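Residue-level structural notes
Letter by letter, the chains look like this.
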Amino acid sequence: MQGEGSRQTAGAAERGNDVTRPRILVVGAGFAGVECVRRLERKLSPDEADVTLVTPFSYQLYLPLLPQVASGVLTPQSIALSLRRSARYRTRIIPGGAIGVDLKAKVCVVRTITDRIVNEPYDYLVLAPGSVTRTFDIPGLTDNAFGMKTLAEAAYIRDHVISQLDLADASQDPAERASRLQFVVVGGGYAGTETAACLQKLTHSAVRRYPRLDPKLIKWHLIDIAPKLMPELGDKLGRSAQEVLRRRGIEVSLGVSIAKAGPEEVTFTDGRVVPTRTLIWTAGVVASPLIATLDAETVRGRLVVTPEMTLPGSDGVFALGDSAAVPDLAKGDEGAVCPPTAQHAMRQGKAVADNVIATLRGTPLQPYEHKDLGLVVDLGGRDAVSKPLGVELRGLPAQVAARGYHWWALRTGVAKVRVATNWTLNALAGDDFVRTGFQARRPAKLKDFEYTDTYLTPDQVRAHVEGSRPAAG
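Residues numbered from 1 in each chain as written. Predicted model: local features only at pLDDT ≥ 70, side-chain atom pairs only at ≥ 80, totals over all residues. Heavy atoms only, no water.

Some thoughts on the overall build of the chain
Tallying secondary structure elements over the chain gives 12 helices and 24 strands in all. Against the compact-globule benchmark of 23 Å for 473 residues, the chain has a radius of gyration of 24 Å, which places it among compact chains. In terms of overall dimensions, the chain has C-alpha extents of about 80 × 50 × 40 Å along its principal axes. Looking at the 473 residues of the chain, the share that counts as buried comes to 50%. Restricting to contacts in the chain with at least 6 residues of sequence separation, those with at least 24 account for 69%. Placing the 58 positive and 51 negative side-chain charges of the chain at their respective mean positions leaves the two points 6 Å apart. (Helix = DSSP H or I, 4+ residues; strand = E, 2+ residues; numbered from the N terminus. Rg over C-alpha atoms; globule rule 2.2 N^0.38 Å. Buried < 20%, exposed > 50% of the residue type's maximum accessible area, 1.4 Å probe, protein only. Contact = heavy atoms within 4.5 Å. Lys, Arg positive; Asp, Glu negative; His and termini not counted. Charge placed at Lys NZ, Arg CZ, Asp CG, Glu CD.)

This is the structure we're talking about:
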């Protein structure tokens, strides 16, 4: 695997030329990384460069629709877009995660899915490792909370929520039944609000099939330390979303967070103790721990980059997406950086690919600039709030805008057909509330899905790279 990226082309070998094709290494298969790879495949001839992608899974996950997977509206496969479907597919995929980068040696350290650690040399590096769930030093949090950042987590949460209804229905203990039928979501941003809204719809519909359960016992809590729900939407739309949630019976508590998390109860910072077996943590994201291995300048954990998305002082290194503090030139405010949203990541991916090609061909690089197109929030059913191009929408028009935007943003025709079919089938036939078996005997929580403890320190990266070099002679 290690030697593949540095082999000579057949033509060069025949001519006795020891010059190899430039090696472009892209880290991460999120919106930014995939858009970059796809553009490189379209615009570079096979003889111009070798392109390699480091990712644990050979698919791009459409993150904004994860809550709909958790609630069963969409199947997991419908938002996992295969990287091998492209007609121009020629990128070599390394199945694993980057755990360190040595900028001086131009080597990326990769842990494969079989736990083998390999060194991957590069000439040009595109860092798009994305983000991980932001956690705090709250007792019991990582041991007892679920996240909503991966496909596995969304599928697992669906199984878990339905299993709570099954177990509550089978229980003869009123206290156990009450704890299984209370659910807490932390995070009043888009992910948390949509997760609470979509899963509440799931339990509201499912409880009709459990005649022994009192629907009044099912309680959903959405809490956030911020004073407003989704402040980016503005006061009016934020209040509209809050009214929708409260009308459905979701208790929204602002200015509140978690003080302690246990396996059967959660303590809020205002002193309330809520008996629950389900704590879902969506309180923001932080840049991938990979960024800390570079020993480079950061802003709130994100790499400092130029408007062209190059890393200052490092030749041939680009960074973008959630892990880079890309200057937001469209705002015109000094120090403003692009928010970690899909629409920016997709466009940055294309812009970085163009700048990598420009570097290869010796032409000028172009700065990234994009005016935000607005925000959409799908609350399930006919409920939504959206602000496309600054126009405030509520209800069905907002839902049309939200789903229309997501459908348009899906990269492949196959994904679009699957998602449209799922939406139609769910609207007409509803849900069967089937558990698929992801629920194992040993519970899997926040700490088990994102593997944030696998990264190396800068010193460990240097020691590993130097120790892996063959002896001179």
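Re the packing of helix H5 (residues 151-170) against helix H7 (residues 190-206)
It is the contact of H5 with H7, at a shortest axis distance of 11 Å, that shows an interaxial angle of 35°. Here H5 and H7 pass one another in a crossing that is right-handed. Across the interface between the two elements, Ile157, Arg158, Val161, Ile162 and Leu165 of H5 pack against Leu199, Leu202, Thr203 and Ala206 of H7. Of the residues belonging to the contact of H5 with H7, the class tally is 7 nonpolar, 1 polar and 1 charged. (Axes fitted to C-alpha atoms, helices over the stretch in contact; angles between N-to-C directions. Left-handed = near helix turned anticlockwise from the far one by under 90°. Nonpolar A, V, L, I, M, F, W, Y, C, P; charged D, E, K, R; others polar.)

Let's talk about the domain arrangement of the chain
With domains assigned, the chain is organised as domain 1 (23-134 + 286-372) and domain 2 (141-283 + 374-429). Its C-alpha centre places domain 1 at a distance of 29 Å from the equivalent point of domain 2. Taken together, the contact between domain 1 and domain 2 spans 37 residues of the former and 31 residues of the latter. With both sides pooled, the region where domain 1 packs onto domain 2 buries about 3100 Å², and carbon together with sulfur makes up 59% of that total. Taken as a group, Tyr62, Pro67 and Ala70 account for 17% of the area that domain 1 buries against domain 2, more than any other trio of residues on that side. Taken together, the links from domain 1 to domain 2 amount to 0 salt bridges. Our count for the contact surface shared by domain 1 and domain 2 stands at 13 residue pairs in polar contact (both at pLDDT 80 or more). Mapped onto the side of domain 1 that touches domain 2, the elements with two or more residues apiece are helix H2 (31-43), strand S3 (59-61), helix H3 (66-70), strand S4 (80-82), strand S9 (131-133) and helix H9 (342-361). When residues of the side of domain 1 that touches domain 2 are assigned to their parent elements, the largest contribution, 5 residues, is made by H3. Across the side of domain 1 that touches domain 2, the residue classes break down as 20 nonpolar, 11 polar and 6 charged. (Domains from an automatic or database assignment. Buried area = accessible area lost by both parts, 1.4 Å probe. Salt bridge = Lys/Arg side-chain N within 4 Å of Asp/Glu carboxyl O. Polar contact = N/O pair within 3.5 Å; in protein donor to acceptor, adjacent residues only side chain to side chain.)

Brief notes about the packing of helix H10 (residues 395-409) against helix H11 (residues 413-429)
One way to put it is that H10 packs onto H11 with a least axis distance of 9 Å and a crossing angle of 150°. Judged by the inter-axis angle, H10 sits roughly antiparallel to H11. Our pair here, H10 against H11, has a crossing hand that is right-handed. Together, Arg403, Trp407 and Trp408 of H10 and Lys416, Ala420 and Trp423 of H11 make up the contact between the two elements. (Parallel < 35°, antiparallel > 145°, perpendicular 65-115°, else oblique.)

Regarding the sheet that holds strand S22 (residues 374-378)
Strand order across the open sheet formed by 3 strands is S22-S23-S24, with antiparallel pairing between neighbours. In this open sheet, the two edge strands, each paired with only one partner strand, are S22 and strand S24 (393-394). Summarising the sheet, S22 and strand S23 (residues 384-388) pair through 5 bridges and their orientation is antiparallel. In the sheet register, Val377 faces S23, and the bridge partner there is Val385. Lying on the sheet, H10 is in contact with S22, S23 and S24; it crosses S23 at an angle near 65°. (Pairing = 2+ DSSP bridges.)

Section: the sheet that holds strand S11 (residues 219-224)
Strand order in the open sheet made by the 4 strands is S12-S11-S10-S16, with parallel pairing throughout. Across the chains shown, the open sheet's two edge strands, defined by having one partner strand only, are strand S12 (250-254) and strand S16 (278-281). Across the sheet, the axes of successive neighbouring strands diverge by a mean angle of 15°, strand direction being ignored. Where S11 and S12 come together, 5 bridges link them in parallel fashion. If you follow Ile223 over to S12, its bridge partner there is Ser253. Sitting on the sheet, H7 touches strand S10 (182-186), S11, S12 and S16, and the angle it makes with S11 is about 180°.

Quick notes on the packing of aromatic side chains
Going through the model one piece at a time under the given rule, you end up with 6 aromatic pairs. Between Phe57 and Tyr59 the ring centres are 5.3 Å apart and the planes differ by 20°, which places this aromatic pair in the stacked class. With a centroid separation of 5.9 Å and 45° between ring planes, the pair formed by Tyr405 and Trp408 is classed as tilted. Here Tyr405 and its partner Trp408 are both found in helix H10, 3 residues apart, which amounts to about one turn of the helix. Classification of Tyr405 by relative accessible area gives partly exposed; the value is 22%. Above the plane of the ring of Trp407 lies Lys416, whose end atom (NZ or CZ) is 4.9 Å from the centre. (Phe/Tyr/Trp six-rings, centres within 6.5 Å; stacked < 30°, edge-to-face > 60°. Lys NZ or Arg CZ within 6 Å of the ring centre and 35° of its normal.)

Overview of the state of the cysteines
Counted according to the given criterion, the structure contains 0 disulfides. For the unlinked cysteine Cys36, the closest cysteine sulfur is that of Cys108, found at 14 Å. On the basis of relative accessible area, Cys36 is assigned to the buried category, the value being 0%. We classify Cys108 as buried; its relative accessible area is 0%. (Disulfide = S-S within 2.5 Å.)

Some details on the pattern of salt bridges
Under the counting rule described, the total for this entry stands at 21 salt bridges. Residue Asp383 pairs with Arg247 through a salt bridge whose shortest N-O separation is 3.8 Å. Of this pair, Asp383 sits in the loop between S22 and S23 while Arg247 sits in helix H8 (residues 235-247), and the two are 136 residues apart along the sequence. Arg277 is paired through a salt bridge with Glu264; the nearest N and O atoms lie 4.0 Å apart.

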